[in-house]
Structures are given as structure tokens and as C-alpha cells.
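Coordinates in review
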2 protein chains.
Amino acid sequence: MKAYKDMSREELLTLKADLEEEFKKAEAMGLSLNMARGKPGASQLALSMPMLDVINSGADMHTLLGNDTRNYGDWDGIGECRRLLADMIGVPKDNVIVCGNSSLNIMYDTVIRSMVKGVNGSTPWCQLDHVKFLCPVPGYDRHFKITELFGIDMINIPLYEDGPDMDMVEQYVNNDDAVKGIWCVPKYSNPTGISYSDEVVRRFANLKPKAADFRIFWDNAYCIHHIYDEIQDEILNILEECEKSGNPDMVYIFASTSKVSFPGAGVSAIATSQNNMEYIKKFMDAQIIGHDKINQLRHARFFKNIDGLKAHMQKHAEILRPKFEAVLHTLDVELTGTGIGSWIKPRGGYFISFNAMPGCAKAIVAKCKSLGVVLTGAGATYPYGTDPEDSNIRIAPTFPTSEEMEDATKIFVLCVKLVSVEKLLQE
Amino acid sequence: MKAYKDMSREELLTLKADLEEEFKKAEAMGLSLNMARGKPGASQLALSMPMLDVINSGADMHTLLGNDTRNYGDWDGIGECRRLLADMIGVPKDNVIVCGNSSLNIMYDTVIRSMVKGVNGSTPWCQLDHVKFLCPVPGYDRHFKITELFGIDMINIPLYEDGPDMDMVEQYVNNDDAVKGIWCVPKYSNPTGISYSDEVVRRFANLKPKAADFRIFWDNAYCIHHIYDEIQDEILNILEECEKSGNPDMVYIFASTSKVSFPGAGVSAIATSQNNMEYIKKFMDAQIIGHDKINQLRHARFFKNIDGLKAHMQKHAEILRPKFEAVLHTLDVELTGTGIGSWIKPRGGYFISFNAMPGCAKAIVAKCKSLGVVLTGAGATYPYGTDPEDSNIRIAPTFPTSEEMEDATKIFVLCVKLVSVEKLLQE
């Protein structure tokens, strides 16, 4: 296919006329498709339904240690569920606190706690003139929402195929004591799908933060969320690497089963050093008597162990693969060589990240919407909802069926082409 | 029985010798009993086991409105569970947000949010030199822990049989703009068991707070937790009363099913004005995608409606009544007329509050412990763990069996007598 930028004005006008014809046809179809949010589809939810039979009125409700999950106690989670999530995250059980249904909530708690009371005794962030977080972009909108809510300055850091721009990260972290954190999705990153290389993880672990209360917010949301059996990303263990480099307290790891069992009815965890856990415990002690241990027991009994988790994730992968491939195939066929868009083929996670020509993302999303195809708002993958290039669009292929994804992607591609042509004609 | 204070020194010495004899016998028994924490007993937990069968792999997982409880959505709770908890609390459904498993967590969230971001746009409390909370005493230790954690000054307010000393409450709230809140357990108060009179509730609703961001933290933890069928306390609806008096935003009501279904695996709620809900929503939006809606569905389907809840609470009452009466009977028989202790017979809730002679509570708790009977630490019912009179002891009769409670209360009474005699002999 000819690159659009190499087309003559006449060629572009002809192409535009064809695309507008197609657009009219698409309008007439009256579609209603949504590829906006990273929600599991119905067939994925069905995979976990047998879990709901594991705990019934005849079940022994006691943990392996004999504690009654129906009563108060075990503030840090029941042993067998800590073990399960520790193995999922790849850390020792003693470094894990199992919490409620949402790792996002643990992140929010961690940030707001630092605002009011600092980190392990440091000056509360709310008493500082400036608090800054580094934000590899494109990234997860809900991370950025938390730091925005608390007035924390967010600094964009380019995210490459092997991780964030580490020169820039080191520059900021090692020299500016207002830099207190960085948001990371180190594996199958949301939305680009990339995983951090060993070198990147090691450079993270070897940061020499100017601020003693700097922390890496390592949201390992997709730690076992592979799409393929044969090619699976593995990342270095950040907790271990931080210990090795003499920075044992520098990282909080977050994870959950939201996309393993049920979004909203899963279990979540934070994994971190003993020092950090001690400090967190002081707050949890005031915050809650304990999390939902019956649900923890349900998860521990259903999945049994890390092998059970992995086997379950293979079933998810079988469902997700055709959906991802429906999108990728259409992008390949329709856009390769046009120079009007680029994307990475992810090996796991929940998203495909598309980079349109600068200045085109908002217009593409709006055009899709006018045809009944809802995408994540352009800019959502950037702090303050502002993509300086107006280029990135997050595609979430998991919720619709493969057929719907195919239809939706065709509409998407049509809109990408049309907006790009219009853009080129304006230049 | 003769009042101890009217006894001669000789009489006291004889009594002391007898009691010490009894004490030795008790020591030989090697008891191990716990009346420290307000945990439901095993037979109460058994009442809710059928709930675990309601949601199984064959269940329709959709709400009445057709939303899938297994996926993201419904940040404020599913409709049928909001209805259930609204009826439990006695407020309109639209004023209720159903949250996770812990109302304590909602209270913590509410306080920490106010610290960092203020209340509906007021100055963040962390930016103020002084923030004060009024604390009716004796009260709930975990309330006081939250405010202590954030360095909020706590002011003791005497709690009478009809509620807090409202002259004092009005004096503080209407004149001191550093007073931002008051902790209340308005019905079957923890630990005294009293309920607020209509007049007290009306005086609360008619407060004219000096601080616009003053809020009543109305922890209606025991709203349907009666012990008797015939005599049940009812309190005025504070939300309605606040509306009537032109103070619609002045109250947050908290409640949960922790002592209805399962502690740790129940559902909790906050009920408040639309204004307050709008403000809370901004934060919840960043904090969490949604709470555990499957557990909400489980509760809604099992209890069906308020009548189902009430019928269930009658079963709890049948189990609790003999335990409370075992304690009260022993206190009556052994201590009436001695003048060394007073208590209120509660008609609901989870506790019996005992006032020993001033300066005796710590010694009584220690003596009980030496005999293998664990009580809530003396002072725990006061801010900072300090009972200025060293008099109040909280008895939690729910977890042990009736027989154990009888044995434990006998030990308790023995220790009360012995410590009181020792105290009188020292004077």
C-alpha cells in the first residue's frame, strides 16, 4: 500500500471520496459496539462460575491454620490466599498482604496515606509545596486519576518497547526530591502491551532516589495474563532486585484476580518489604478489622495453587486470542504501509495501543462514535487526559465477541483513514 | 447486701480473706475464657450459612436492572442491595451507597478524605492548626483509633442514658470552628447499650455548627440488633430531622451487615444527603471501579427485604439473649446493693458496660486475666485509651457460650469485689 504522505493531492481527494462513500454505508448500518473498557467478556466470566460452588453451606469454613473465615481476624489475609497471590506475583508469602476486591483501592489508600502521614515517617506529602509522580505514557488512566485528585504534578515519561525512558527516570528520581513516585505496569503494559526488559528492571532497582520516600508503584496487573502459550513475557522480580541493590523498601507491588476470577469480586494484594508492611499495618489497623476472608477462601480452594491459576489463565487466553487477532489482522491488512498508524502486537494483557498521525486521535474517536463504535476517549492514556501529540488510542478487544471486534475494527480503520486524509489535505 | 463503703475496716478484712480464698480456688481451675471482643458466636455464624448456597454456578448473576454483577459497574452498589440497606437504615434508597465489607473502612475513608481534601470543598483539615472531634464516652475504641491516627484532638463528652450531654455538644459545636465531627453510636450504643432519645436526636439535627464542615458520624451499627421481641428501641431518623432543620448535609450514617450475616464478609453502606454523595462520588471514582457486587447480590437474594432481615435478627436475638442474661443475672445477684459497680441492662447491641469504683478498672481487668478471663483492656472505651476515672469495663458476651459467660462473669464479679475491697482498705 502506498504511504498516504507520498500521495498527490489528487490521489488524496479520490481516496477521500471513496472513504466518504464507505462512511455513508457504515452510517446506514446503525452499529452499536464498544471497545472502550478493559472488561472481560461473557465467556470469560463463565470460566469462573464453578468457583461459586466451592464455598457452600456444607463447606468447612476454616483456614488451614484453623481460623474461622466467617469471623473477625487475619487482617493481612488468610494463609492459603496469601500463598496463592504470593506465587502469582512471584514473591515470598510473608511479603504479601491480601486485601479486598480492588488493587486500585490499595493504590489509592497508599497515595492518600502518604499525603496525610508520609511514607514510613517522612514528611506528609500534603505539607510539601510540590509532589511529583513520573508517568510513563501512554499509561493507565485510573493511575493518573488518583495522582490528579491529590494535586500531585504528573510528568510524562516516554514508554518504549522495553520500558520507560530510564535515562529520564534516573534524571528525575536521582536529582529531584519532589519526585515521590512512578506509576508502572511492568508486564503487558496498559495500554501498549510491552513488558519491561531485565535491564530496565535492574535500572529501576538501582535508582538512587533523592527523596527517601520515593516509591515505585509497580502495578503488576497482568502478571499471568498471557495470550499465547508459546511466547510468554517474563519480567525480573523487582522486589528481589531492589533487595540486592540495597533499596529493599523502594517498591510497592500491586496485583489482583480481577481479570482472573471476577472484576469486582476478586481478591487483591500488595507485596512489599517488611519495613513497608509494618508501616502499612499501622493504618490498616485503624482502617479495617479484616477483608473478606470467605472470598479469599473461595479463591484459595478453587485455584488450589499457582498451577491452578495458570491453567485457568490458559482458558482465558483461548478466548482472548481470536479477539486480539481479529483486531491485529484488520490493522495489518488495512494499514500496513500507509504510514498513518502504528501499533505493537501484544503477547498478553488487555489492550492494543494505536498511534495515529499526530493531531488525529480525537477526530478518529469522534468519527467512530458517530458510527456507533465507542472507543476510550482520546487522551485518556495520558495524565490530565491530554495527549500532547493527540495520537494515542487505546483499543480494548476483550468485551465484544470476535465478530463484533472485526466489525468494530473495520469501522476504526475506516475512520483512521478518513481522518488522516483530511489531515493531510489540510497541510 | 451491705454497701462496701459502709463496712468497717474489720468487716472489709474478713471479706477480703474470704475473697482471697475464692480467688485461690479460681486460680486452680485454670480457666481460659474471653469476653473481650464483640464477635458473633459459632451458632450465630451458622444462621447465615444458607446464604452461601444462594449464589452458585447455576445462578442468574444479573441484577433486577439487568446488570451483570460479575463485571465492572454500579459503583454505588446494585439496586436491590441499596434498597435492602436503605430499608435497614430507614432512609430513601437514593441516599445510600453500598460499599465493601466494612463500615469502619468507610468511616476511615471519610476522615482521611476530609484531612486531604476537606468536606465538600472546605479547607483540608490537614491544613488547619487544630481539628477536634467530640467523643461521647464510653464509646467505640475503633472510632477513637481513626481520629487518633490523624492527630485529631478528641474531647470526651459524657454519655447518659438518653444520649450524649447535649448542652456540652451544643456548646462545642456551635462555638468552636475547630470542632469538625462527633462519633455517635445512636442505638444500642457501644458499649453502654443506650439509645438516643427523640429529644437528643432533635437537638443533634438542630445544631448550628460554627464550622460549615462539621459532620455527625452516625454509626448506626446496631440498627436492627435487638435482643428482645417485646421491648425494642427505636430512634428518630437523623437524616430526616437534619433536612427538616435546614441542616441536610450535616450527617453521615454508617451501617453494615457485619453482625447480621458475617463479620468481614458482609456489606456496608453510607447514607447521606445528595450533596455529600456527589462529593464522595468524586473520590470513589478514583478509589475503586466498584465494590463486590456478587456479595451484594448474595445478600439481596438471601434476605429478600427488610422483613427477611428482621426475621433473621430474631434468630440472632434468641442466641444472644441467654448470654446477656447470664451476665446480667450474675451481676444482679452478686453486686446489687454493694455500691461497687453499676451497669445498664441493654435491649440490644453487643455489649454490657460496667462501671467499677473509680480507680479500679485496670486492676479488675488484670486480676481477671490472671485467672484466665480476658476482658477488653480498661480504658479502651475512651479516647487515647485513657479512662480518666479508671472505672469503665466493656463486657462482650456474644462469643462464648452461655455457660462460659456464666463462669466468666463469676470470675469477673469475684475480681470486682476483691479489687474494691483492696481499694477501700487503702483509703
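Residues numbered from 1 in each chain as written. Chains lettered and ligands numbered in written order. Predicted model: local features only at pLDDT ≥ 70, side-chain atom pairs only at ≥ 80, totals over all residues. Heavy atoms only, no water.

1. Considerations on unusual backbone geometry
Using the following cut-off: Per the convention used, a helix needs a DSSP run of H or I reaching at least four residues, while a strand needs a run of E reaching at least two, with both numbered from the N terminus. Exposed residues in this analysis have more than 50% of their type's maximum accessible area, buried residues have under 20%, and partly exposed residues fall in between, with area computed by a 1.4 Å probe over protein chains only.
Asn190 of chain A connects to Pro191 of chain A through a cis peptide bond whose omega is 10°. With respect to the secondary-structure elements, Pro191 of chain A resides in the loop between β6 (179-184) and α8 (198-205). Of note, the phi angle at Tyr188 of chain A is positive, near 45°, even though the residue is not glycine. If you trace the backbone, Tyr188 of chain A turns up in the loop between β6 and α8. When its relative accessible area of 0% is taken as the criterion, Tyr188 of chain A is described as buried. In the Ramachandran plot, Asn120 of chain B falls in the positive-phi region, its phi being about 50° despite a non-glycine side chain. Its location among the elements puts Asn120 of chain B in the loop between α5 (103-117) and β3 (132-137).

2. Here's the deal with the pairing of strand β7 (residues 215-219) of chain A
Residue and element names in this part refer to chain A. Stated formally: Pairing between strands is defined by DSSP: at least two bridges between the two strands are required. For crossovers, right-handed means that the path from the first strand over the helix to the second runs clockwise, given strands pointing away from the viewer.
Of all five residues in β7, five are buried; the element is thus mostly enclosed. Across the two faces of β7 the burial is the same, with Arg215, Phe217 and Asp219 and Ile216 and Trp218 all buried. Here four bridges tie β6 to β7, and the two strands are oriented parallel to one another. Across the sheet, Gly181 pairs through a bridge with Arg215, a residue of β7. In the classification by handedness, the crossover that spans β7, the intervening helix α9 (residues 238-244) and the parallel strand β8 (residues 251-256) is right-handed.

3. Looking at the pairing of strand β3 (residues 132-137) of chain A
All names here are of chain A. In terms of residue burial, β3 counts as a mostly covered element, since six of its six residues are buried. Bridge analysis of β3 against strand β4 (residues 153-160) gives six bridges, and the strand direction is parallel. Within β4, the residue paired with Lys132 across the bridge is Asp153. With helix α6 (residues 141-149) bridging β3 and the parallel β4, this β-α-β connection has right-handed handedness.

4. Here we look at the relation of the copies chain B and chain A
Related by rotation about an axis and a shift along that axis, the two copies of the chain form a pair. Note the following rule: When the copies are superposed, the least-squares fit draws on C-alpha atoms of residues that have pLDDT of at least 70 in both. Should any heavy atoms of two residues lie within 4.5 Å, those residues are considered in contact.
With an RMSD of 0.0 Å, the operation that places chain B on chain A is a rotation of 180° combined with a shift of 0.0 Å along the axis. Between the two chains, the operation in question is that of a two-fold axis. Among all residues of chain B, the minimum C-alpha distance to the rotation axis is found for Val116 of chain B, at 3.3 Å. Mapped onto chain A, 100% of the interface residues of chain B again fall at the interface, so both copies present the same surface.

5. What about the pattern of salt bridges?
All names here are of chain A. As a reminder, the rule being used: Put simply, a salt bridge is a Lys or Arg side-chain nitrogen that is within 4 Å of an Asp or Glu carboxyl oxygen.
The full count for this structure, using the stated rule, is 40 salt bridges over all chains. The salt bridge involving Lys281 is made with Asp285; its shortest N-O contact spans 3.8 Å. Here Lys281 and its partner Asp285 are both found in helix α10 (residues 274-287), four residues apart, which amounts to about one turn of the helix. Residue classification places Asp285 among the partly exposed residues on the basis of a relative accessible area of 28%. Connected via shared salt-bridge partners are Asp167, Glu170, Glu199 and Arg203.

6. Quick word on the state of the cysteines
Heads up, the rule is: In this description, a disulfide is simply a cysteine sulfur pair whose atoms lie within 2.5 Å.
Counted according to the given criterion, the structure contains zero disulfides over all chains. The structure places no disulfide on Cys368 of chain A, whose sulfur is separated from the nearest cysteine sulfur, that of Cys415 of chain A, by 3.8 Å. Looking at the unpaired Cys135 of chain B, the closest cysteine sulfur is the one in Cys184 of chain B, lying at 9.7 Å.

7. Observations concerning helix α12 (residues 306-335) of chain A
Residues and elements named next belong to chain A. Condition: Note that bend, as reported per residue, equals the angle between axes fitted to the 7 residues terminating at that residue and the 7 residues originating from it. Between N or O atoms, a polar contact is any pair within 3.5 Å; within protein, one atom must be a potential hydrogen donor and the other a potential acceptor, and residues adjacent in sequence are included only when both atoms are from side chains.
Remark: the principal bend of α12, roughly 30°, maps to Leu320, with a proline, Pro322, within the next four residues. The N-cap of α12, judged by a side-chain oxygen 3.0 Å from the amide nitrogen of Asp307 a few residues on, is Asn305. Looking one or two residues past α12, Gly337 carries a phi angle of roughly 90°, positive in sign.

8. Some remarks on the environment of Lys417 of chain B
Along the chain, the position of Lys417 of chain B falls in helix α14 (residues 402-426). Dropping the residues within four chain positions of it, Lys417 of chain B is found in contact with Tyr4, Leu19, Glu334, Leu335 and Ile340 of chain B.

9. Describing the sheet that holds strand β6 (residues 179-184) of chain B
Residues and elements named next belong to chain B. Note the following rule: Axes here mean lines fitted to C-alpha atoms, for a helix over just the part in contact, with angles spanning 0 to 180 degrees between N-to-C directions.
The sheet built from eight strands is open, its strands ordered β2-β9-β8-β7-β6-β3-β4-β5 with mixed pairing. Each edge of the open sheet is held by one strand with a lone partner, namely β2 (96-98) and β5 (163-164). Note: strand β7 (residues 215-219) against strand β8 (residues 251-256), four bridges, orientation parallel. Paired with Phe217 across the bridge in β8 is Tyr252. Set on the sheet, helix α10 (residues 274-287) makes contact with β2, β7, β8 and β9 (268-271); between it and β2 the angle comes to about 25°.

10. Regarding the packing of helix α5 (residues 103-117) of chain A against α10 of chain B
Rules: What sets the label is the angle itself: under 35 degrees gives roughly parallel, over 145 gives roughly antiparallel, 65 to 115 gives roughly perpendicular, and the rest give oblique. Classification convention: Asp, Glu, Lys, Arg as charged; Ala, Val, Leu, Ile, Met, Phe, Trp, Tyr, Cys, Pro as nonpolar; all other residues, Gly among them, as polar.
Here α5 of chain A crosses α10 of chain B at 115°, and the two axes come no closer than 8 Å. One way to sum up the angle between α5 of chain A and α10 of chain B is to call them roughly perpendicular. Seen from α5 of chain A, the contacting residues are Leu104, Asn105, Tyr108 and Asp109 of chain A; seen from α10 of chain B, they are Phe283, Ala286 and Gln287 of chain B. Along the lines of polarity and charge, the residues of the contact of α5 of chain A with α10 of chain B split into four nonpolar, two polar and one charged.

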